[in-house]
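# Fold and geometry: a report
Here is how the chains run, residue by residue.
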Amino acid sequence: MRTLYISDLDGTLLQPNIQVSKQSTRIINELINEGMLFSIATARTIASVKPLLRDIQIQLPVVLMNGVCIYDLQKEEYIKIEVLPAQSVSQLMNLISEHHLKGFAYTIKNGIMSTFYEDLNTPALRDFYQERVDRYKKQFTQIGSFTELAKEPLVYFSLMDTYERLKPLYQSLEGNPDLNFVFYKDNYSPEFWYLEIFSRTASKYHAVKYLRSYLSLDRIVCFGDNRNDLPLFEACDYKLAVANAVAELKEKADRIIGYHHQDGVALWLLDNVGR
């Protein structure tokens, strides 16, 4: 049986210091060398995923930006990208402006991802920006208004603020036939939440379904911790939540495994795949 094991990163495979531990790296590499099929499904972009996974010998495509795109690490190219529908972009930009929210907008053009922002007016936005500049040398472009991107191939909006400030926009988006979105608490600053918006045809669910066909898989086993992993769970045959996962995800899990800071994913793989 051809089985793929696919894991979320933050709060799942990554340690609280935003790294894959040496033990997890060793275990996963040994299992890959023995034939295990392993990949990642994350909200992160390739700018931070590449350095985070540099020591893990992943041979398969990875799911990025909550399923907006799938990236081949070996060929260093996107093999699938879901662009926001043009008819919804203007409406979405107006709603973001009306709710006085800030965040980051992403485009992928000619195989190159670009990230734009208007203002870094909250601690969450500043921390997000600074961590990616310092750790991963990621480049950002400041613009006067997101409306300047109206004719660009937009794929993703990531908004960060408190639950109370983001919830009205989240409620405004519900029922929009062209958009998909995830609303979840930040793993590292619990007082802040993410509202991430993308095409209706993009999600971890859609991306994993694509991989099932693309890789001719018989079975998919997944690992997650947060609300944005709910679509991932829907697409998989066996679902594992780490012990630190949110209650909503644990309810959907077939099994609860160890904590992310105790190498829960890698140790489960060692016990269940390495035998």
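Residues numbered from 1 in each chain as written. Predicted model: local features only at pLDDT ≥ 70, side-chain atom pairs only at ≥ 80, totals over all residues. Heavy atoms only, no water.

## Quick look at unusual backbone geometry
To keep things clear, this is the line we draw: Labels follow the DSSP assignment, with helices taken as runs of H or I lasting at least four residues and strands as runs of E lasting at least two, numbered in each case from the N terminus. Residue burial is assigned from relative accessible area. The probe radius is 1.4 Å, only protein chains are included, and a residue is buried under 20% of its type maximum, exposed over 50%, and partly exposed in between.
Positive phi outside glycine occurs at H100, with the angle close to 55°. In this structure, H100 sits in the loop between α4 (86–98) and β6 (103–109). The class for H100 is exposed, based on a relative accessible area of 60%. Its identity as a non-glycine residue notwithstanding, K137 has a phi of 55°, on the positive side. Mapped onto the elements, K137 comes out in the loop between α5 (123–136) and β8 (141–142).

## Here we look at the pattern of salt bridges
Heads up, the rule is: Whenever Lys or Arg places a side-chain nitrogen within 4 Å of a carboxyl oxygen from Asp or Glu, that contact is recorded as a salt bridge.
Going through the model one piece at a time under the given rule, you end up with 14 salt bridges. Two residues, R135 and E131, come together in a salt bridge whose shortest N-O distance is 3.7 Å. Separated by four residues within a single helix, R135 and E131 lie in helix α5, roughly one turn from each other. Overall, the relative accessible area of 39% leaves R135 in the partly exposed class. Taking the shortest distance from any N to any O, the salt bridge between D161 and R165 comes out at 2.9 Å. The exposure class of D161 is buried, given its relative accessible area of 6%. One connected set of salt bridges, linked through shared partners, spans D8, K204 and D229.

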